[in-house]
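Structural features, examined
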Amino acid sequence: MSYLTRAHARADQLIAIRRDLHAHPELGFQEVRTAQRIAEILGELGLQAQTGIAHTGVTAIIGAGRPRLALRADMDALPIVEANDVPYKSQNEGVMHACGHDAHVAGLLGAAMLLNEDARAGKLNGAVKLLFQPNEENTVVAPKSGGQLMVEAGVLDDVDAVIGLHVSSVLPSNEVFLRAGPFMAAVDIFDGTIIGRGGHGAYPHQTLDPIWLAAQVVNAIHGIVSRRIDPTKPGVISVTTINAGSATNIIPEAVRLTGTIRSFEPAVQAQLHTDLERAFALARAWGGDYTLNLQFEYPATVNDARMTEFMRGVAIDLLGAARVKESDLHMGAEDFSFMARAKPGVFFNLGAKKDENDRPHHNPRFDIDETVLPTGAALLAEAARRFLAALPQPK
Ligand SMILES: [Zn+2]
Ligand SMILES: [Zn+2]
């Protein structure tokens, strides 16, 4: 029986796991209950979970010998008040699984069930490692995300390759989207202050108005991608917060600007940083000043060509060629990128559009078509089975 058939037989169980996690979402590095549930379910399978990795991460090994492949799921939720009226609505007010990481955990546990059955029957050629990773979203703005910390904790040291998937609430359900090479963007964040000299709103000439300076800086920032970056190469700078002032008749001392920077190529990234600095420096042309803090967040997620073709083959055999498509580039970012930098890796999207309602990621009405849970489980399990089958028999 194929993994897809066997996964569908477990659909109710996987949906129950996903709904339990959905009702009890936890923010990054606070996934205590989530990790506990994962360890319990793995324990019921007779697997020994390692907990407390990268704070709240969980790993487990299925099969015998050195694990050769890692399968990764992230498990954190977002600081959003859920607007869906469903039986499995978030019971943790203000926290919501609005990116589908609950589905990732359920899907990987489903893959674990399938692979574990084969391992017990002596039909798994070697071992596979499960990675349940905390804090992908990094909404707590920790110095390092869960994926980065897991890599630093050495979870990939013994494996040859790593595979991860992300459900997509906006792509057609049960279809796979993937691409070799750059897939998701690098993200950096900036936090800057334009410094002027405050005073009475009626006497601007006696001040150095930082709002006037900031307006010129923002205008210059918005010219960087269109006038300074090669038009064939993607890049984004978005100013996402701007804060200053306290009253209608006071010119403030300073304006604070923060925002996000996206790119795929290191040369583009470097130029975006340099030119952002130049835009802020316009404040000095009028006698003002600025501070600018640029912080590297996640590198671009770059899929290994061979792993991508391998995964494409698995998906086509399981779902049929009509359901496996070439993905667009995404300006969104993923901390799977740290794993794909450490070992040959592939990260792909599994379409999970629920209905005709608008349910984008990170939105209070986010939800998915739960029929993708067995599909995701089968894709990961089949990838692992096939990856291991291609290796020499373990000694
Ligand atoms: Zn997200
Ligand atoms: Zn996500």
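All of these numbers come straight from a predicted model, not from anything done at the bench.

Analysis parameters
- Residue positions are given per chain, counting from 1 as you read along its sequence in written order.
- Working convention: letters from A go to chains and numbers from 1 go to ligands, in the order in which they are written.
- Whole-chain, interface and lining totals are the exception, using all residues; otherwise, since this is a predicted model, local features are given only for residues with pLDDT of at least 70 and side-chain atom pairs are given and counted only at 80 or more.
- The side-chain figures draw on all heavy atoms in the structure; neither hydrogens nor water molecules are used.
- In this description a helix means any DSSP run of H or I spanning at least four residues, a strand means any run of E spanning at least two, and both kinds are numbered starting from the N terminus.
- C-alpha atoms define the radius of gyration, and 2.2 Å times the number of residues to the power 0.38 defines the globule rule.
- Categorising residues by exposure relies on relative accessible area from a 1.4 Å probe, with only protein chains included: less than 20% of the type maximum marks a residue as buried, more than 50% marks it as exposed, and the intermediate range marks it as partly exposed.
- We call two residues contacting when some pair of their heavy atoms lies within 4.5 Å.
- In these tables, accessible area is a Shrake-Rupley quantity obtained with a 1.4 Å probe, and a residue counts as shielded only by the protein chains included in the view.
- We treat Lys and Arg as the positive residues and Asp and Glu as the negative residues; His and chain ends play no part in the count.
- The atom standing in for a charge is NZ when the residue is Lys, CZ when it is Arg, CG when it is Asp and CD when it is Glu.
- Each metal site is built from N, O and S donor atoms within 2.8 Å (3.2 Å for Na, K and Ca), and since water is not included, such sites may look incomplete.
- Only strands joined by at least two bridges in the DSSP assignment are considered to pair.
- Axis lines are fitted through C-alpha atoms, for helices just across the contact stretch, and the angle between N-to-C directions can take any value from 0 to 180 degrees.

**Concerning the overall build of the protein chain**
Check the secondary structure of the protein chain and you find 10 helices and 16 strands. The C-alpha radius of gyration computed for the protein chain amounts to 24 Å, which stays within 12% of the reference 21 Å derived for 395 residues, consistent with globular compactness. A principal-axis box enclosing the C-alpha atoms of the protein chain has dimensions of 85 × 45 × 40 Å. A buried classification covers 55% of the 395 residues belonging to the protein chain. Contacts spanning at least 24 positions in sequence make up 81% of the contacts within the protein chain whose residues lie at least 6 apart. Of the roughly 16600 Å² that the protein chain leaves accessible, carbon and sulfur atoms contribute 52%. In the protein chain, the 36 positive side-chain charges and the 45 negative ones have mean positions that sit 5 Å from each other.

**As for the coordination of the zinc ion (ligand 1)**
Looking at the zinc ion (ligand 1), one finds its protein donor set to be C99 (SG), E137 (OE), E137 (OE) and H362 (NE2), positioned 2.0 to 2.8 Å from the metal centre. Written as a sequence motif, the donor residues of the zinc ion (ligand 1) are C-x37-E-x224-H. Separating the zinc ion (ligand 1) from the zinc ion (ligand 2) is a distance of 3.1 Å, and C99 supplies a donor atom to each of them. Of this pair, E137 sits in the loop between β4 (127–133) and α5 (146–152) while H362 sits in the loop between β16 (345–351) and α10 (372–389); the two residues are 225 residues apart in sequence, bridging distant segments of the chain. You can call H362 partly exposed: its relative accessible area is 42%.

**Overview of the sheet that holds β16**
Sheet architecture is open: 8 strands sit in the order β1-β2-β4-β3-β5-β16-β6-β15, paired in mixed fashion. The two strands at the open ends of the sheet, each matched to only one other strand, are β1 (50–53) and β15 (324–326). The sheet shows a mean angle of 25 degrees between the axes of neighbouring strands, taken without regard to direction. Where strand β3 (residues 67–74) meets strand β5 (residues 161–168), 4 bridges bridge the pair, whose relative direction is parallel. Each residue of the ladder has a partner; that of A70, found in β5, is V162. In the packing of α10 onto the sheet, contacts are made with β3, β4, β5, β6 (176–178) and β16, and the angle to β3 comes to roughly 160 degrees.

**Re the sheet that holds strand β13 (residues 289–298)**
Each strand in a sheet pairs with its neighbour through backbone hydrogen bonds, running either in the same direction (parallel) or in the opposite one (antiparallel). With antiparallel pairing, 4 strands are arranged side by side in an open sheet as β10-β12-β8-β13. The sheet is open, and its two edges are formed by β10 (235–243) and β13, each paired on a single side. Between one strand axis and the next, the sheet turns by 20 degrees as a mean value, whatever way the strands run. Where β10 lies against strand β12 (residues 254–263), 8 bridges are found, and the strand directions are antiparallel. By the bridge assignment for β12, I242 is matched with L257. Helix α6 (residues 210–228) contacts β8 (186–195), β10 and β12 of the sheet and is inclined by roughly 165 degrees relative to β10. Strand contacts of helix α7 (residues 266–285): β8, β10, β12 and β13, with the helix running at about 160 degrees to β13, the strand carrying the most contacts.

**As for the coordination of the zinc ion (ligand 2)**
Here the zinc ion (ligand 2) is held by C99 (SG), H101 (NE2) and H166 (NE2), and the distances to it run 2.1 to 2.5 Å. Summarised as a motif, the one-chain spacing of the donors to the zinc ion (ligand 2) is C-x1-H-x64-H. With relative accessibility at 8%, the residue H166 sits in the buried group.

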